[in-house]
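# Structure assessment
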Amino acid sequence: MRRRVAVVYNEPYASRYDDACEQKAVEGVMEAVTAVHQALIELKNDAVLVPLIPPFEEARQKLAALMVDVVFNLFEGFCGEPQTEALVPDALTELGLTFTGCQADVLRLALDKAKVKVILKSSGIPTPDFQLLNPETLNTFLLGYPCIVKPRSEDASHGISDKSVVRDFTSLKRQVILVSEAYSGGALIEEFVGGREFNATVIGNAQHVVLPVSEIVYTLPPGIPKLLTFAAKWENDSIYYDNTKVHCPAEVTPEVRQYIADTALATFRLIGCSGYARVDMRMDEAGKLNVIELNPNPDISPGTGAARQAEAAGMSYAQFVDLIIKLALEKKKHDRQNTHLDRRGQTGADADTAAYARI
Ligand SMILES: Nc1ncnc2c1ncn2[C@@H]1O[C@H](COP(=O)(O)OP(=O)(O)O)[C@@H](O)[C@H]1O
Ligand SMILES: [Mg+2]
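Residues numbered from 1 in each chain as written. Chains lettered and ligands numbered in written order. Predicted model: local features only at pLDDT ≥ 70, side-chain atom pairs only at ≥ 80, totals over all residues.

## Observations concerning the overall build of the protein
Of the regular secondary structure elements, the protein holds 13 helices and 13 strands. On C-alpha atoms alone, the protein measures out to a radius of gyration of 20 Å, which is about the 21 Å that the 2.2 N^0.38 rule sets for 359 residues. When the backbone C-alpha atoms are referred to their principal axes, the protein occupies close to 60 × 45 × 40 Å. Looking at the protein as a whole, 44% of its 359 residues qualify as buried. Considering only intrachain contacts with a sequence separation of at least 6, the fraction spanning at least 24 residues in the protein is 70%. (Helix = DSSP H or I, 4+ residues; strand = E, 2+ residues; numbered from the N terminus. Rg over C-alpha atoms; globule rule 2.2 N^0.38 Å. Buried ≥ 20, exposed ≤ 12 C-beta atoms within 10 Å, placed from the backbone. Contact = placed C-beta atoms within 7 Å.)

And the structure:
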């Protein structure tokens, strides 16, 4: 079936990330846009590119004028304003347009890493102990060292460097001041869980599959903290870039693979994700998995996390894109059925299983 699909994204432009030399991450969205566009052509869909820039009211008008079957949502927030990420799915919902991926409330929640951690902890899903600190509250620090100081509300490894891992009060103070000044959401301090690092992508609405798991493998020289820094992702002349590799599928026992998949799935369900999302996890010394972060709008550029895992599952990139679109369309159909059933005083459970049997 020939579908009309709009690819909606944040058009890269100069932003505050220039000052932090972090502009490369902003431009990264174009890799996903180009690849999804290409896949849509391959799938014989009618594709239109919809770049968005502020002010939001103008962007909203652009969305309101769309005559499409589905919106492929690659919008990560206006450049330098990650907190605007949920505005697009909010508007699309209001406009009654079908769109891919997670709903606005999930995107909004995930942008506050501290809130997600509270929810995870309250449900018994392990996540590192944490504190929110600013330069005035530093003397209330009560975690043990080493810990990591990171922005509370950023993604794409913005604000993450070797210096983020701190082992004494002087470096803690330096990083809290730096992060508080540079990133509007403030500083999140977590116990540093330094074991093996994995990420897993969950796909589905009511029924799910967990794609083959990736491991981030560090070959850094001794003394350099092992973590996925901004340099590892975006600066191809850095020691981190050269010594941070992704293995997919991860070399793990079937039991460990199941443990990782179960943890990712539990997180996906608990937070109420739909379509697709990636969960970042890390083991402690005893082999216990900790959820580091939920990415309900993960990068899907070819070669990165979710796309690579889909490939390892045997999907071509076009098939992966097609599946994401089908899930969006099915969810819409399912939501309509649910509303109808709920009005008649029944639950939506029957519709759930019937509509997703294919996944
Ligand atoms: N508590 C932690 N313990 C160990 N490593 C961590 C912790 N928090 C973050 N990291 C490292 O920093 C990277 C980026 O952190 P994350 O919270 O996932 O931020 P982003 O949203 O930028 O991806 C992780 O992939 C991991 O390598
Ligand atoms: Mg992450």
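From this point, things continue past the structure.
## A closer look at helix α6 (residues 113-122)
Those residues of α6 lying buried are Lys113, Val116, Lys117 and Leu120. All buried residues of α6 fall inside an arc of 100° around its axis, so they share one side. Turned more than 90 degrees off the buried face of α6, the exposed positions are Val118 and Ser122. Where α6 ends, the next residue or the one after it, Gly124, has phi of about 80°, a positive value. (Arc of directions from axis to C-beta.)

## Brief notes about helix α7 (residues 169-182)
Between its first and last C-alpha atoms α7 spans 20 Å; for 14 residues at 1.5 Å apiece the expected length is 20 Å, and the two agree. Among the residues of α7, Leu172, Gln175, Val176 and Val179 are the ones counted as buried. Looking straight down α7, one finds that the buried residues subtend no more than 105° of arc, so they occupy a single side. Residues of α7 that are exposed and point more than 90 degrees away from the buried face comprise Thr170 and Glu181. Close packing links the buried residues of α7 with β4 (130-133), β5 (147-151), β6 (165-166) and β7 (187-191). (Expected span 1.5 Å × (residues − 1).)

## Some words on the nonpolar core
Ranked by size, the top nonpolar core spans 69 residues in total, and within it Val7, Val8, Phe72, Leu74 and Ala200 carry the most contacts. Considering each element in turn, this core owes the most residues, seven residues, to helix α12 (residues 317-343). Split by domain, this core shows at least three residues from each of two domains, domain 1 (4-99) and domain 2 (102-126 + 194-213 + 248-359). Setting aside its immediate chain neighbours within four residues, Leu74 contacts Val7, Val8, Tyr9, Val29, Ala32, Val33 and Val36. By size, the runner-up hydrophobic cluster in this structure holds 23 residues, among which are Ile148, Val176, Leu188 and Trp234. (Core = buried A, V, L, I, M, F, W, Y, C linked by C-beta atoms within 7 Å. Domains from an automatic or database assignment.)

## As for the environment of Pro296
Along the chain, the position of Pro296 falls in the loop between β13 (289-295) and α11 (305-312). Beyond its immediate stretch of four places on either side in the chain, Pro296 contacts Cys102, Val106, Leu107, Ala110, Cys273 and Ala277.

## Description of the site of ligand 1
In the neighbourhood of ligand 1, 20 residues make up the surrounding shell, with Asp155, Glu190, Leu227, Leu228 and Glu293 lying closest. Mapped onto the shell around ligand 1, the elements with two or more residues apiece are β5, β12 (275-283) and β13. When its residues are assigned to classes, the shell around ligand 1 shows nine nonpolar, three polar and eight charged. Each of domain 2 (102-126 + 194-213 + 248-359) and domain 3 (129-192 + 227-238) contributes no fewer than three residues to the shell around ligand 1. (Near = placed C-beta within 6 Å. Nonpolar A, V, L, I, M, F, W, Y, C, P; charged D, E, K, R; others polar.)

## Brief notes about the sheet that holds strand β2 (residues 46-52)
The strand order β2-β1-β3 describes an open sheet built from three strands, whose pairing is parallel. Of all strands in the sheet, those with a lone pairing partner are β2 and β3 (70-73), marking the two edges. In this sheet, neighbouring strand axes are inclined to one another by 25° on average, regardless of whether the strands run parallel or antiparallel. Here strand β1 (residues 4-10) runs beside β3; their pairing, made up of four bridges, is parallel. In the sheet register, Val8 faces β3, and the bridge partner there is Asn73. The strands touched by helix α2 (residues 29-42) within the sheet are β1, β2 and β3, with β1 carrying the most contacts at an inclination of about 175°. (Pairing = 2+ DSSP bridges. Axes fitted to C-alpha atoms, helices over the stretch in contact; angles between N-to-C directions.)

## A short note on the pairing of β5
Where burial is concerned, most of β5 is hidden: five out of the five residues are buried. Relative to β6, β5 is paired through two bridges, and the arrangement is antiparallel. Across the sheet, residue Ile148 finds its bridge partner in β6, namely Val165. Pairing between β5 and β7: five bridges, direction antiparallel. Each bridged residue has a counterpart across the sheet, and for Pro151 the counterpart in β7 is Ala187.

These results come straight from atomic positions and should not be treated as a statement about function.
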